[in-house]
Amino acid sequence: MDSVVNMALEQLMAGDNLSLISSKVGADEQSTKSALEMGLPLLLGAMSSKASNKDGANAILSGLAESAKGNSMQDMAKYLGSGSSSFGPGMLNSILGSSMIPIQQSIAKKTGLPQEVVGQLLTMALPLVLRYLTKSSPEKMKPDDLSKLLDEQSKMALSSSPDAEAMMKDILSAQDGGSGFMGMVEKLFKS
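Residues numbered from 1 in each chain as written. Predicted model: local features only at pLDDT ≥ 70, side-chain atom pairs only at ≥ 80, totals over all residues. Heavy atoms only, no water.

**Some details on helix α9 (residues 143–159)**
If you check α9, its first and last C-alpha atoms are 24 Å apart, about what 17 residues at 1.5 Å a residue would give, namely 24 Å. Listed in full, the buried residues belonging to α9 are L146, L149, L150, Q153, S154, A157 and L158. Considered in projection along α9, the buried side chains sweep an arc of 145° and stay on one side of the axis. Exposed and oriented more than 90 degrees from the buried face of α9 are D144, K148 and S159. (Helix = DSSP H or I, 4+ residues; strand = E, 2+ residues; numbered from the N terminus. Expected span 1.5 Å × (residues − 1). Buried < 20%, exposed > 50% of the residue type's maximum accessible area, 1.4 Å probe, protein only. Arc of directions from axis to C-beta.)

**So, the packing of helix α2 (residues 17–25) against helix α8 (residues 115–136)**
Packing of α2 against α8 leaves a shortest axis separation of 10 Å and a crossing angle of 135°. What the angle tells us is that α2 and α8 run oblique. For the pair α2 and α8, the sense of crossing is right-handed. In this structure, α2 uses I21, K24 and V25 to contact α8, whose residues at the interface are V117, Q120, L121 and M124. Split into classes, the residues belonging to the contact of α2 with α8 amount to five nonpolar, one polar and one charged. (Axes fitted to C-alpha atoms, helices over the stretch in contact; angles between N-to-C directions. Parallel < 35°, antiparallel > 145°, perpendicular 65-115°, else oblique. Left-handed = near helix turned anticlockwise from the far one by under 90°. Contact = heavy atoms within 4.5 Å. Nonpolar A, V, L, I, M, F, W, Y, C, P; charged D, E, K, R; others polar.)

**Things to note about the nonpolar core**
Where a protein is soluble and globular, its nonpolar side chains tend to be buried together. Membership of the largest hydrophobic core comes to 52 residues, with the highest contact counts inside it found for L40, L43, L44, M47, V129, L133 and L146. Considering every element that reaches this core, the biggest residue donor is α8, with twelve residues. Not counting chain neighbours up to four residues away, the residues in contact with L146 comprise A51, A57, I60, L61, L64 and M141. (Core = buried A, V, L, I, M, F, W, Y, C linked by side-chain atoms within 4.5 Å.)

**Digging into the environment of L121**
Tracing the backbone shows L121 in helix α8. L121 gets classed as buried once you look at its relative accessible area, which sits at 2%. Taking C-alpha positions, L121 is 8.9 Å from S22, a pair spaced 99 residues apart along the chain. Excluding residues that lie within four positions of it along the chain, L121 makes contacts with I21, V25, T32, A35, L36 and L113.

**So, the environment of L158**
Looking at the secondary structure, you find L158 in helix α9. With 153 residues separating them along the chain, L158 and V5 place their C-alpha atoms 9.6 Å apart.

**A closer look at the packing of helix α3 (residues 29–50) against α8**
Two elements in contact, α3 and α8, have axes separated by 10 Å at closest approach and are oriented at 55°. Between α3 and α8, the angle is such that the two are oblique. By crossing handedness, the relation of α3 to α8 is classed as right-handed. Counted together, T32, A35, L36, G39, L40, L43, L44 and M47 of α3 and L121, L122, A125, L126, V129, L130 and L133 of α8 form the full contact between these two elements. Across the contact of α3 with α8, the residue classes break down as 13 nonpolar, two polar and no charged.

Bear in mind that shape data such as this cannot, by itself, settle questions of function.
This is the structure in structure tokens:
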């Protein structure tokens, strides 16, 4: 199975895309690249956690259906230059929930980027992640199928990103309890 994170990162880094993204958020290319490399595995982990319950899975399935409708991602330069996305910060906040601030803070601390810029980067990358998830999934996906796919993808992404893995360990050590996204990641590190 291909890694959704690797496919998304390849497209985000292709040609002038990284330069366009960096210019759009007002950051240097290296910090932008680092934030995306850390943020996409964390985003998939949050999606996996959300998909573990039926309502969350249905919300993500709706996002996948929406991403399958449009072809705006076919031309990345046009998409990155337009600034319009039907997903936006609301969808990102819906997926990350209470984990959004610690994730943004951790990526900001590691890269030196402001938290708002990290949020912008994740918001820009979300439609691409959804697009590749749509391509990797069966046409008539059920909530249980989505949960399994996201679990596999998030484990693959976090295990192949030492920075994201270290970041999650830091976030886990700063939080109590084992529920939600943090609980899912804690279980991942124990397996």
